[in-house]
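Observations on chain architecture
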Amino acid sequence: MVTHGGSAQSEEEGAALSRGSGVCKWFNVRMGFGFLSMSIRDGALLEQPLDVFVHQSKLHMEGFRSLREGEDVEFTFKKSSKGLESVRVTGPNGAPCLGSERRPKSNQKRRSKGDRCYNCGGPGHHAKECQLPPQPKKCHFCQSVSHMVANCPVKAQQQQQQQQQQQQQLTSPGTQGMAALAINEEEEQSHATLSENSE
């Protein structure tokens, strides 16, 4: 009896699944999900395509799992609380999905021009790859071994100079400010002359 109940339950789950085919509408390779545009449902052509959610874990393929926009797909799907959701996605006739050529940027090894070794200060490698023995720690701003960047007097002096320059710009009006003051004074005088003449 337990076996019968179990098979009845699996039959219900099987009945809840539908088959569809269409194309990949879009797929975010970094986040690992996207939407399929279903044009055929259980063998019947749809008047309007339906969106079906797809997660990379449901893709039938080797290696990095993703879909290319416009790629032909066949899939089984179910109705969930969020809408239509794919259960298994393959290429045409059950073949593995092709996938996108794009890969998330975090998986690509990148080195910007500013990358430097924290140990020796040299370009082109990081401290864990440095061939030199551990060097004394230095200030990243002025390269002094006597202090760290948080206590750097050179950086503090430069910041103080920048603050003073900003203060001067705010307190002293520039040439545009002077011109605006002159125009305002002229307008006030002309208004005063007009009001005297009207009296």
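Being a predicted model, the structure only gives us computed values, none of them experimental.

Quick word on the nonpolar core
Judged by nonpolar contacts, the single largest core of 16 residues is most densely connected at Leu 36, Leu 59, Leu 67, Phe 75 and Val 89. If near-sequence neighbours (up to four positions away) are discounted, Leu 59 is found in contact with Phe 27, Val 54, Arg 65, Ser 66, Leu 67, Val 89 and Cys 97.

Side note on the UniProt feature "domain: CCHC-type" (unreviewed entry) in the protein
Following the UniProt record, one finds the feature "domain: CCHC-type" (unreviewed entry) at residues 116–130. A helix fraction of 0% and a strand fraction of 0% characterise residues 116–130, whose end C-alpha atoms lie 10 Å from each other.

Quick notes on the packing of aromatic side chains
Throughout the structure, instances matching the rule amount to five aromatic pairs. On the basis of an interplanar angle of 65° and a centroid distance of 6.0 Å, the ring pair of Trp 26 and Phe 33 is categorised as edge-to-face.

Structural notes on a nonpolar patch on the surface
Together, Phe 141, Val 149 and Val 154 make up a nonpolar patch on the protein surface, roughly 210 Å² of accessible area in all. Take Val 154: it is sitting in helix 2 (residues 153–171).

Some remarks on the side chain of Thr 76
Mapped onto the fold, Thr 76 is located in strand 4 (residues 72–80). Under the relative-accessibility criterion, Thr 76 is labelled buried at 17%. Setting aside chain neighbours within four positions, we find Thr 76 in contact with Ser 18, Arg 19, Ser 86, Val 87 and Arg 88.

The rules we used
Residues numbered from 1 in each chain as written. Predicted model: local features only at pLDDT ≥ 70, side-chain atom pairs only at ≥ 80, totals over all residues. Heavy atoms only, no water. Core = buried A, V, L, I, M, F, W, Y, C linked by side-chain atoms within 4.5 Å. Buried < 20%, exposed > 50% of the residue type's maximum accessible area, 1.4 Å probe, protein only. Contact = heavy atoms within 4.5 Å. UniProt positions renumbered as here; feature names shortened; annotations may be inferred. Helix = DSSP H or I, 4+ residues; strand = E, 2+ residues; numbered from the N terminus. Phe/Tyr/Trp six-rings, centres within 6.5 Å; stacked < 30°, edge-to-face > 60°. Patch = residues over 30% accessible without salt bridge, like charges linked within 9 Å, V, L, I, M, F, W, Y side chains within 5 Å. Areas by Shrake-Rupley, 256 points an atom, 1.4 Å probe, with all protein chains shown as cover. Salt bridge = Lys/Arg side-chain N within 4 Å of Asp/Glu carboxyl O.

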